[in-house]
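# Results of the structural survey
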Amino acid sequence: MSTTPPPHDHHLPYAEADLGEVDGASFSQDAAPDGRSVRVTGTCPRCHGRTGTEYRRGNPGTGTKGLFDRLSGRSGGTVRAEPEPLHGEVHFCECGHGHPSIPAEVRFVGCGASWRIAP
């Protein structure tokens, strides 16, 4: 029997909160139709709002490219796999709701929570 998640708590005050590692059952990862990005969606474990983040493939520092990497020894002659966004990134609440006390300069509009998804 599945349980219904709590409703989005719009009145929860903004607070930067590192929630650590959370269960990944309520998150999914889908490739964009153009294959250039991956979108991770789910429910924020703090405010329970629907959140989603798009990760572009080929971000700087991930993987190798060309002769410079071979000469500098970065690639070691092998191609490195890109990190898995679902489990390899820190995620931030991007529920889109300006929670009470949200500072004007915040980068992610949400409740302020961050977390990693357990494999």
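A brief look at the structure comes next. (Residues numbered from 1 in each chain as written. Predicted model: local features only at pLDDT ≥ 70, side-chain atom pairs only at ≥ 80, totals over all residues. Heavy atoms only, no water.)

### Quick notes on the pattern of salt bridges
Where side chains of opposite charge bring their charged atoms close, a pairing between them can arise. To keep it simple, the criterion reads: Criterion for a salt bridge: a side-chain nitrogen of Lys or Arg within 4 Å of a carboxyl oxygen of Asp or Glu. Runs of E in the DSSP output that reach at least two residues are strands. Runs of H or I that reach at least four are helices, and both are numbered from the N terminus.
If you walk through the whole model with that rule in mind, you get one salt bridge. Between D18 and R116 there is a salt bridge, and its shortest N-O distance comes to 3.5 Å. Pair noted here: D18 is in strand 1 (residues 17-22) and R116 is in strand 6 (residues 113-117), with a separation of 98 residues, a long-range link.

### Points about the environment of H99
Using the following cut-off: Only protein chains enter the calculation, and the probe is 1.4 Å; a residue is then buried if its accessible area is under 20% of its type maximum, exposed if over 50%, and partly exposed in between. The criterion used for residue contact is that any of the two residues' heavy atoms lie within 4.5 Å.
With respect to the element layout, H99 can be found in the loop between strand 5 (91-92) and strand 6. On the accessibility criterion, H99 (1% relative accessible area) is buried. Between the C-alpha atom of H99 and that of G110, which follows or precedes it by 11 residues, the distance is 6.3 Å. Discounting residues that sit within four places of it in the chain, H99 has contacts with H8, D9, H10, L12, P13, Y14, C47, G110 and C111.

### Thoughts on the sheet that holds strand 4 (residues 50-56)
Let me state the cut-off plainly: What makes two strands pair is DSSP finding at least two bridges between them. All axes here are fitted lines through C-alpha atoms, helices being fitted over the stretch that makes contact, and every angle between N-to-C directions spans 0 to 180 degrees.
Here three strands make up an open sheet; going across it, the order is 2-3-4 and the pairing antiparallel. Each having just a single partner strand, strand 2 (28-31) and strand 4 make up the two edges of the open sheet. Going across the sheet, the axis of each strand differs from the next one's by a mean of 20°, ignoring polarity. In terms of strand pairing, strand 3 (residues 37-43) meets strand 4 through seven bridges, oriented antiparallel. Within strand 4, the position partnered with V38 by the bridge is Y55.

### What to know about the packing of aromatic side chains
Centre-to-centre distance and the angle between the planes together describe a pair of aromatic rings. How we decide: Only centres within 6.5 Å qualify two rings of Phe, Tyr or Trp (six-membered ring in Trp) as a pair; their planes then separate them into stacked at under 30 degrees, edge-to-face at over 60, and tilted for everything else.
Counted by the stated rule, this structure contains two aromatic pairs. Relative to W115, the ring of F27 has its centre 5.9 Å away and its plane inclined at 45°; by these criteria the two rings are tilted. One end of the pair, F27, is in the loop between strand 1 and strand 2; the other, W115, is in strand 6, with 88 residues separating them in the sequence. For the pair F27 and W115, one class covers both residues: buried. Relative to F108, the ring of F92 has its centre 4.5 Å away and its plane inclined at 5°; by these criteria the two rings are stacked.

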